[in-house]
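Here is how the chains run, residue by residue.
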Amino acid sequence: MRKDIYSICFMCTVRCPIKVTVEDGAVKWVEGNPHQLKGALCAKGSAGTALLNDTERLRYPMIREGARGEGKWKRVSWDQALDYAAQKLKAAVDHYGPQTVAFGERQNLNTHLSKTFMRALGSPNHFTHDALCKGSVNTAFRTLTGYTDAEVAVDWVNTKHVILYGRNLFESLELKPIQALLEAKDKGARITYIDIRSTITASHADRFWMIRPGTDLALNYALIHVILRDNLYDEEYVNRWVTGLTELRAFVEPYTPEWAEEETGIPAGEIVALAREVGGEKPQVIFHYGYRGASHLDEIYFRRSLVILNALMGSIESKGGLIIKKGPKDAGFGSFGKLVDQKDLPKPKGERFDGAGGSRFPIADPAHGVAAMLPLAILNEDPYPLKALIIHRFDPMLSIPDYNQNKKALDKLDLILTIDINFSETAWYSDVILPESIYLERSDSIQMAAGPKPALYMRRQCIPPRYDTKPFWEIIRELARRLDLGRFFPYDSIEDIWDLQLKDMGVSIKDFEAKGFVSLAKNPILWDRKEGLKFKTPSGKIEFVSSLMEQNGFLSFLPYKSVTPPPEGEFRLTVGRSAVHTHVSTQNNPYLNELLPENVLWLNTEEASRLGIADGQYVEVHSDHGFGRLKALVTDFIHPEAVFMLHGFGRQVPATTRCYGKGASDTALQENVSDVIGGSPGLHETFVRVRPAS
Amino acid sequence: MSDYYLFHDSAKCIGCMSCEVHCKENKRLPPGPRLCRIETIGPKWVGNIPKVDFVFMPCYHCDRPWCVAACPTGAMQKRTGDGIVFVDHNLCVGCKACMRACPWGAPQWDPEKGKAVKCDYCLDRVDQGLEPACVAKCVTKCLHFGKPEEVVDARRMRHARAMAAMATEVTLRQPVNGPKAKPMKPKRKQAQDPVEGS
Ligand code: SF4
Ligand code: SF4
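As for the overall build of chain B
Thinking step 1. A tally of regular secondary structure across chain B gives 7 helices and 8 strands.
Thinking step 2. Per element, the accessible surface of chain B, about 10,600 Å² overall, is 56% carbon and sulfur.

Examining the site of ligand 2
Thinking step 1. Taken together, Cys23(B), Cys36(B), Pro58(B), Cys119(B), Asp120(B), Tyr121(B), Cys122(B), Pro132(B), Ala133(B) and Cys134(B) are the residues near ligand 2.
Thinking step 2. Considered class by class, the residues forming the shell around ligand 2 number 9 nonpolar, no polar and 1 charged.

Observations regarding the site of ligand 1
Thinking step 1. Near ligand 1 there are 14 residues, and of these Cys13(B), Cys16(B), Met17(B), Cys19(B) and Cys138(B) occur at the shortest range.
Thinking step 2. For the shell around ligand 1, the class distribution of residues is 10 nonpolar, 4 polar and no charged.

Here's the deal with the interface of chain B and chain A
Thinking step 1. Contact residues are listed per partner, giving 40 residues for chain B and 38 residues for chain A.
Thinking step 2. Together, the buried faces of chain B and chain A total about 3,200 Å²; carbon and sulfur atoms form 61% of this surface.
Thinking step 3. Put simply, chain B and chain A have 2 salt bridges between them.
Thinking step 4. We note a salt bridge from Asp186(A) to Lys12(B), for which the minimum N-O separation is 3.3 Å.
Thinking step 5. Where chain B touches chain A, the interface holds 19 residue pairs in polar contact (both at pLDDT 80 or more).
Thinking step 6. Breaking the side of chain B that touches chain A down by element, the ones donating at least two residues are helix H1 (18–27), strand E2 (37–46), strand E3 (49–57) and helix H5 (133–137) of chain B.
Thinking step 7. A per-element tally of the side of chain B that touches chain A places H1(B) first, with 7 residues.

Focus: the side chain of Thr140(B)
Thinking step 1. Locating Thr140(B) in the fold gives a position in the loop between H5 and strand E8 (143–146).
Thinking step 2. Residues in contact with Thr140(B), not counting those within four places in the same chain, are Ile178(A), Leu182(A), Lys12(B), Cys13(B) and Ile14(B).

A few points about helix H14 (residues 299–313) of chain A
Thinking step 1. For H14(A), spanning 15 residues, the distance from its first C-alpha to its last is 22 Å, which sits close to the expected 21 Å at 1.5 Å a residue.
Thinking step 2. Positioned one or two residues after H14(A), Gly314(A) has a phi angle of 70°, which is positive.

Quick notes on the packing of helix H9 (residues 216–229) of chain A against H14(A)
All names here are of chain A.
Thinking step 1. Two elements in contact, H9 and H14, have axes separated by 9 Å at closest approach and are oriented at 25°. Regarding the angle of H9 to H14, the classification is roughly parallel. Regarding H9 and H14, the two cross each other, and that crossing is left-handed. Together, Asp216, Leu217, Asn220, Tyr221, Leu223, Ile224, Ile227 and Leu228 of H9 and Tyr301, Phe302, Ser305, Leu306, Ile308, Leu309, Leu312 and Met313 of H14 make up the contact between the two elements.
Thinking step 2. Here the residues of the contact of H9 with H14 sort into 13 nonpolar, 2 polar and 1 charged.

Considering empty space enclosed by the protein
All names here are of chain A.
Thinking step 1. Throughout the structure, instances matching the rule amount to 14 cavities of 30 Å³ or more.
Thinking step 2. Here the largest cavity defines a volume of roughly 250 Å³.
Thinking step 3. Around the largest cavity, the lining is made up of 21 residues, and of these Arg393, Asp420, Asn422, Val584 and Ser585 lie nearest the centre.
Thinking step 4. The residue makeup of the lining of the largest cavity, split by class, is 8 nonpolar, 8 polar and 5 charged.

Section: the confidence of the model for chain B
Thinking step 1. Scored by pLDDT, chain B comes out at a mean of 84, with 82% of its residues at no less than 70.
Thinking step 2. Throughout residues 170–198 of chain B the model reports pLDDT below 50, and contacts reaching past four residues in sequence, or to other chains, amount to 27 contacts.

A closer look at the packing of helix H4 (residues 78–96) of chain A against helix H19 (residues 472–482) of chain A
To describe two helices that pack against each other, one gives the angle between their axes and the distance between the axes.
Residue and element names in this part refer to chain A.
Thinking step 1. Where H4 meets H19, the closest approach of the two axes is 9 Å, and the angle between their N-to-C directions is 55°. Considered as vectors, H4 and H19 are oriented oblique to each other. The way H4 lies across H19 gives a crossing that is right-handed. Here Trp78, Asp79, Leu82, Asp83, Ala85, Ala86, Leu89 and Lys90 of H4 come into contact with H19, specifically with Ile475, Glu478, Leu479 and Arg482.
Thinking step 2. Its residues placed into classes, the contact of H4 with H19 shows 7 nonpolar, no polar and 5 charged.

What about the sheet that holds strand E18 (residues 447–449) of chain A?
Residue and element names in this part refer to chain A.
Thinking step 1. The antiparallel open sheet is built from 3 strands, whose spatial order is E18-E19-E20. If you trace the sheet from one side to the other, it starts and ends with E18 and strand E20 (517–519), each paired once. In this sheet, neighbouring strand axes are inclined to one another by 15° on average, regardless of whether the strands run parallel or antiparallel.

A word on the nonpolar core
Thinking step 1. Residues Tyr165(A), Phe287(A), Leu312(A) and Phe544(A) are the most contacted members of the largest nonpolar core, which totals 157 residues.
Thinking step 2. Listed in part, the 52 residues of the second largest apolar core include Ile63(A), Met118(A), Phe336(A) and Val518(A).

Digging into the pairing of strand E6 (residues 101–105) of chain A
On any regular strand, side chains alternate: one points to one face of the sheet, the next to the other face.
Residues and elements named next belong to chain A.
Thinking step 1. E6 sits mainly inside the fold: 5 of its 5 residues count as buried.
Thinking step 2. In E6, alternate side chains face the same way, and those of Val101, Phe103 and Glu105 on one face and Ala102 and Gly104 on the other are all buried.
Thinking step 3. One ladder, built from 5 bridges, connects E6 with strand E15 (residues 388–392); its direction is parallel. By the bridge assignment for E15, Phe103 is matched with Ile390.
Thinking step 4. As paired elements, E6 and strand E7 (residues 126–128) share 3 bridges and run parallel to each other. Bridge pairing links Phe103 to His126 in E7.
Thinking step 5. With helix H5 (residues 111–121) bridging E6 and its parallel neighbour E7, the resulting β-α-β unit is right-handed.

Comments concerning the pairing of strand E16 (residues 415–420) of chain A
Residues and elements named next belong to chain A.
Thinking step 1. Counting buried positions along E16 gives 6 out of 6 residues, so the element sits mostly inside the fold.
Thinking step 2. Across 5 bridges, the pairing between E15 and E16 is parallel. Looking at the pairing, Ile391 lines up with Thr418 of E16.
Thinking step 3. With 4 bridges joining them, E16 and strand E17 (residues 432–435) adopt parallel strand pairing.

Focus: the packing of aromatic side chains
Thinking step 1. One pass over the full model with this rule turns up 26 aromatic pairs over all chains.
Thinking step 2. When the ring of Tyr221(A) is compared with that of Phe251(A), the centres are 5.1 Å apart and the planes differ by 85°; the resulting orientation is edge-to-face. Pair noted here: Tyr221(A) is in helix H9 and Phe251(A) is in helix H11 (residues 245–252), with a separation of 30 residues, a long-range link.
Thinking step 3. Overall, Tyr221(A) belongs to the buried group, its relative accessible area being 5%.
Thinking step 4. Taking relative accessible area as the criterion, Phe251(A) reaches 16% and is therefore assigned buried.
Thinking step 5. The interplanar angle of 70° and the centroid separation of 6.0 Å between the aromatic rings of Trp241(A) and Phe535(A) together place this pair among those described as edge-to-face. You can see Trp241(A) sitting in helix H10 (residues 235–241) and its partner Phe535(A) sitting in the loop between E20 and strand E21 (542–543), a full 294 residues away along the chain. Considered together, Trp241(A) and Phe535(A) belong to a single accessibility category, that of buried residues.
Thinking step 6. Aromatic ring contacts, followed pair by pair, group Tyr221(A), Phe251(A), Tyr255(A), Trp259(A), Phe557(A) and Tyr560(A) into a single cluster.
Thinking step 7. Just above the ring of Tyr96(A) sits the side chain of Lys387(A); from NZ or CZ to the centre is 4.5 Å.
Thinking step 8. Directly above the ring of Trp29(A) sits Arg125(B), whose terminal nitrogen or CZ lies 3.8 Å from the centroid.

What about the sheet that holds strand E3 (residues 26–32) of chain A?
Either a parallel or an antiparallel arrangement is found when strands of a sheet pair, and the pairing is made through backbone hydrogen bonds.
Residues and elements named next belong to chain A.
Thinking step 1. If you trace the 3 strands from one edge of the open sheet to the other, you get E1-E2-E3, paired in antiparallel fashion. Each edge of the open sheet is held by one strand with a lone partner, namely strand E1 (2–8) and E3. The sheet shows a mean angle of 25° between the axes of neighbouring strands, direction not considered.
Thinking step 2. By the bridge criterion, 7 bridges tie E1 to strand E2 (residues 17–23) in an arrangement that is antiparallel. Counterpart to Tyr6 in the pairing with E2 is Lys19.

Cut-offs applied
Residue positions within a chain follow its written sequence, with the count starting from 1. For naming, the first written chain is A and the first written ligand is 1, with later ones following in the order written. Side-chain atom pairs in this predicted model are given and counted only at pLDDT of 80 or more, local residue features only at pLDDT of at least 70, and totals for whole chains, interfaces and linings cover all residues. Side-chain measures were taken over the full set of non-hydrogen atoms in the model, leaving aside hydrogen atoms and water. Put simply, DSSP marks the helices as runs of H or I at least four residues long and the strands as runs of E at least two long, and each gets a number from the N terminus on. Every accessible area reported is derived by Shrake-Rupley at a probe size of 1.4 Å, with residue values counting cover from the shown protein chains alone. Here, proximity means that at least one heavy atom of the residue falls within 4 Å of the molecule or strand. Think of it as three bins: nonpolar holds Ala, Val, Leu, Ile, Met, Phe, Trp, Tyr, Cys and Pro, charged holds Asp, Glu, Lys and Arg, and polar takes everything else, Gly as well. We call two residues contacting when some pair of their heavy atoms lies within 4.5 Å. By buried area we mean how much accessible surface two parts lose on assembly, using a 1.4 Å probe and totalling the loss over both. Salt bridge, as used here: a side-chain nitrogen of Lys or Arg that lies within 4 Å of a carboxyl oxygen of Asp or Glu. Here a polar contact is taken to be a pair of N or O atoms separated by no more than 3.5 Å, where protein atoms must pair a possible hydrogen donor with a possible acceptor and residues adjacent in sequence count only if both atoms sit in side chains. The span you would expect from a helix comes to 1.5 Å times its residue count less one. What counts as an axis is a line fitted to C-alpha atoms, over the stretch in contact for a helix, and the angles between N-to-C directions run from 0 to 180 degrees. Just so you know how the angles are binned, under 35 degrees is roughly parallel, over 145 roughly antiparallel, 65 to 115 roughly perpendicular, and the rest oblique. If you view the pair so one helix is near and one far, a crossing is left-handed when the near helix is turned anticlockwise from the far one by less than a right angle, and right-handed when it is turned clockwise. Space inside and on the surface of the protein is sampled on a 1 Å grid over the protein atoms alone, with a cavity defined as a set of points where a 1.4 Å probe fits but cannot get out and a pocket as an open set with protein on both sides within 12 Å along at least 5 of 7 lines; lining residues have an atom within 4 Å of a point. Grid points are joined across faces, edges and corners, and a volume is the space filled by probe spheres set on the points. Residue-level confidence of the predictor, termed pLDDT, takes values from 0 up to 100. By this definition, two strands are paired if DSSP reports at least two bridges between them. We define a nonpolar core as any set of buried Ala, Val, Leu, Ile, Met, Phe, Trp, Tyr and Cys residues linked to one another through side-chain atoms lying within 4.5 Å. Classification of residues uses two cut-offs on accessible area relative to the type maximum, computed with a 1.4 Å probe and protein chains only: under 20% is buried, over 50% is exposed, and between them is partly exposed. Assignment of crossover handedness uses the view with strands pointing away from the viewer, where a clockwise path from the first strand over the helix to the second indicates a right-handed crossover. Each Phe, Tyr or Trp ring, with Trp reduced to its six-membered ring, pairs with another whose centre is within 6.5 Å; inter-plane angles below 30 degrees give stacked pairs, above 60 give edge-to-face pairs, and intermediate values give tilted ones. Put simply, a charge is over a ring when the Lys NZ or the Arg CZ is close to the ring centre, within 6 Å, and near the line of the ring normal, within 35 degrees.

Quick look at the structure:
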């Protein structure tokens, strides 16, 4: 029997809608949902079947037998594993208090269940991977508009000009934006790409600037300078919707294009040319605000400068610009239910381990927390000791800078419980492993995709689990029951969760059958630009001088500090992503591993010849924190001050035989330092020394 | 050549190598054989842009395929009717003669089956009226497949459109009495442009 099932991909975090063809209980074909993606799918999406059949993924519950990281496991039944985990969690809660349990995950469709679990337990310490990627983007957006970056959508298809700062869209790819941007390009849209090295996105751009590493902020101050000096901004919009223009004007006065040329290496004339160009194209202009670009201790000011540029273009809530996402209520529907909204569920209380919303990071988003603080909080017992860590689909060990320090920190815990589909570095270092079924084998909570046109999507089980694995919603309920918290998980099946989510919406499960999603609005919902914008700041406007920042003792505008070039013989380590791997999770996939088995170190030709390094030769990379060994890619197409490597390699889990020991890990080299306000790690703060491998 | 035409609009390609995986996944191949490959050329400076070019290399389904001539068992065949070159796995004994004969490296080795495998334009899909896997799921929809008259040369169409747009602009800018530029006429009538229409 042949059947088409609409579902949602989960090979990366983008959540593309897919159509899966199942025949006689086996997955025969996976393609992008033809109603949304014209059938297109990326390499990772197609490699989902290779994951499904992979014998090296987590196949049954396990309890550690040898020392941590030794790789001796005992296969146990689900009951044994859950009992063991629950008993250890109980011990931590009873002896040290619930706040000593932390739960970290990559944001997913069931995050409302994890948050429910932690609140029921009485711990404020639920955190996500988000801050490791874009914590400062989130904070920057909130300081200016009251919205997080996740509440804003990019209208790629109608844009006239996109300016990308290290946002390597065509390699770190998202299907819908790529298709939309190529369509916009056909209609004449332009792309300006700014990076320290060339990429495929640069190849598709109309303008490329190889910027001096770390100086993106200088460039933006100069752009703002020219835009204000030459009146290139959207006056009507800015007068109506922005506060603090006068202060900004005075602040950017000294930052001339000529000054920026010195700092960034980009000719002043070109900076002026870009400002003039976008001035003529506004408001259909996007200064993209994420995710790479300069990543430093004052990153929040760089992210703020990007949002400010959009505001000056009048592009926030404009066609072809950024559009504030609308939810079911804006579309005239009822509210979308979440388990975390239960009335009797305790509110989070007490200080968080990572200081988000507390003394350390007063304005970082507590909905995500600051993951990079995890090892520091454990090691320094600051603000209090942590005893147990639950990790779900996330690999702190290989995602948080300073691998060695992470390992030392995890060593101090009484319990590490990992729920995952693969042997991550953290899973390998755990005490208990609860294997989750992969996305093709399970149904999940419904996705509420807010946007200009809000819609609901459903991940549906396509085939029964191939191994002894369970869906997360079942695992967490079982754990809760064993901790006497079962009353907060009032469901027996995924359908019960769906009913709870849709109860007040006026949408039924049947509505998903035709296309796999339910559209809540026919046309994009745009607020009236003259009077209808609803910014969530105290003034109701975009606040260049931010009340959120100022009230917490932070400057709204940071005077520029010149970026120090690396000392002789050293380089600034920079990192990024490829088109075929997801962060740290797919390196062992048979198909993806075949395409890209290891990472290489990009190194400028002249620097390489001075160091006596030839293309393709192995090199040793040292920092004050660690070491890596990988092949050199000697090229003219990277700035001489920087070296670059892909994130996610240099794996140390022998059980994942395909990626074990291949390439080098950036986190082994990086120092764990964070943006002072938003808390995202300063990934480009580390200098490394490179030499030919002996 | 076969009756079919697989066109790669390389200017739109982003070198994501997804097509390689779509192909392998459809044929359930183990790591090793790659029936189509994206070859990356560059980057090299074109103006101030570090341009990268991509070449898509499936099998070219030659008119007089050397792999077919070299195959001692008749496993490698050129299908009568549409000229698709494919391997009949019932007949393949794994001697690798086809692999040595092909100048393009199209026949590949399947270490699990111990037989040759190659791009056959996904003939099982084509026979059901579907597009080959690589085409159907290409991220940017820059691969096109069909009989030559069905496949619009997307690159040429794009150029024509740009020229037409320019011609209109030039017309508008002409002095009132000056000569007028004529908008370009498309050379061939096309039912639908897959880039625009899809
Ligand atoms: S899938 Fe399409 S865009 Fe990606 S490399 Fe292949 S041909 Fe190019
Ligand atoms: S036509 Fe089919 S077999 Fe040939 S390269 Fe494309 S997907 Fe592979």
